[in-house]
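Descriptive structure summary
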Amino acid sequence: MSEHEHTTHGYSADKEALLKRLRRIEGQVRGVSRMVDEDNYCIDILTQISAVNAALHKVSLALVQDHIGHCVVDAAARSAETGDATIVADKVEEAAVAIGRLLR
């Protein structure tokens, strides 16, 4: 099993809510596209883009929390069981890199 394969992911319990949020964001993006197509006012389009970005950030934060609460905690337990500190260090680094990408 690779390091990214799990029987469950941290977000599994909230998967339906996550998918619902993503579908709502999809609709918002289609709405922005429609606004451009209909030559709406620039500021109105930018306002909607800001709302899309905020919604995506909320989803991102939820996924980061789930990753830390599930994957990093699981790695810490496996690290303690095996005595291999690199297991948890790798997951923490993975989370830090992902957070860094979100902050760009």
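This text follows the structure it describes.
Residues numbered from 1 in each chain as written. Predicted model: local features only at pLDDT ≥ 70, side-chain atom pairs only at ≥ 80, totals over all residues. Heavy atoms only, no water.

**Focus on the overall build of the protein chain**
- When helices and strands are tallied, the protein chain shows three helices and zero strands.
- Helices (α) and strands (β) of the protein chain occur, in sequence order from the N terminus, as α-α-α.
- Taken against the 2.2 N^0.38 rule, which gives 13 Å for 104 residues, the C-alpha radius of gyration of the protein chain at 18 Å runs more than 25% over that of a compact globule.
- Considered along the principal axes of its C-alpha atoms, the protein chain spans approximately 60 × 30 × 20 Å.
- Residues counted as buried form 19% of the 104 residues belonging to the protein chain.
- For the protein chain, restricting intrachain contacts to residue pairs at least 6 apart in sequence, the fraction spanning at least 24 positions comes to 55%.
- Total accessible area computed for the protein chain in this model is approximately 7,500 Å², and 58% of it derives from carbon and sulfur atoms. (Helix = DSSP H or I, 4+ residues; strand = E, 2+ residues; numbered from the N terminus. Rg over C-alpha atoms; globule rule 2.2 N^0.38 Å. Buried < 20%, exposed > 50% of the residue type's maximum accessible area, 1.4 Å probe, protein only. Contact = heavy atoms within 4.5 Å. Areas by Shrake-Rupley, 256 points an atom, 1.4 Å probe, with all protein chains shown as cover.)

**Considering the packing of helix H1 (residues 15-37) against helix H2 (residues 42-82)**
- At a minimum axis distance of 10 Å, the contact between H1 and H2 shows a crossing angle of 160°. With respect to their mutual orientation, H1 and H2 come out roughly antiparallel. Seen along the crossing, H1 lies across H2 with a hand that is left-handed. Residues Leu18, Arg21, Leu22, Ile25, Gln28, Val29, Val32, Met35 and Val36 of H1 form the contact with H2, whose participating residues are Asp44, Ile45, Gln48, Ile49, Ala51, Val52, Ala55, Leu56, Lys58, Val59, Ala62 and Leu63. (Axes fitted to C-alpha atoms, helices over the stretch in contact; angles between N-to-C directions. Parallel < 35°, antiparallel > 145°, perpendicular 65-115°, else oblique. Left-handed = near helix turned anticlockwise from the far one by under 90°.)

**Section: the packing of H2 against helix H3 (residues 85-103)**
- The contact between H2 and H3 brings their axes to 7 Å, and the two run at 165°. When the axes of H2 and H3 are compared, the pair comes out roughly antiparallel. Pair H2 / H3 crosses with left-handed handedness. Where H2 abuts H3, its residues Ser60, Val64, His67, Cys71, Val72, Ala75, Ala76, Arg78, Ser79 and Thr82 lie against Ala85, Ile87, Val88, Lys91, Val92, Glu94, Ala95, Ile99 and Leu102.
- In the contact of H2 with H3, the residues fall into twelve nonpolar, four polar and three charged. (Nonpolar A, V, L, I, M, F, W, Y, C, P; charged D, E, K, R; others polar.)

**Observations regarding the nonpolar core**
- Core analysis: the largest hydrophobic core is formed by eight residues, namely Leu18, Ile25, Val32, Met35, Ile45, Val52, Ala55 and Val59.
- When contributions to this core are tallied by element, the ones reaching two or more residues are H1 and H2.
- Filtering out sequence-adjacent residues up to four positions away, Val52 remains in contact with Ile25, Gln28, Val29 and Val32. (Core = buried A, V, L, I, M, F, W, Y, C linked by side-chain atoms within 4.5 Å.)

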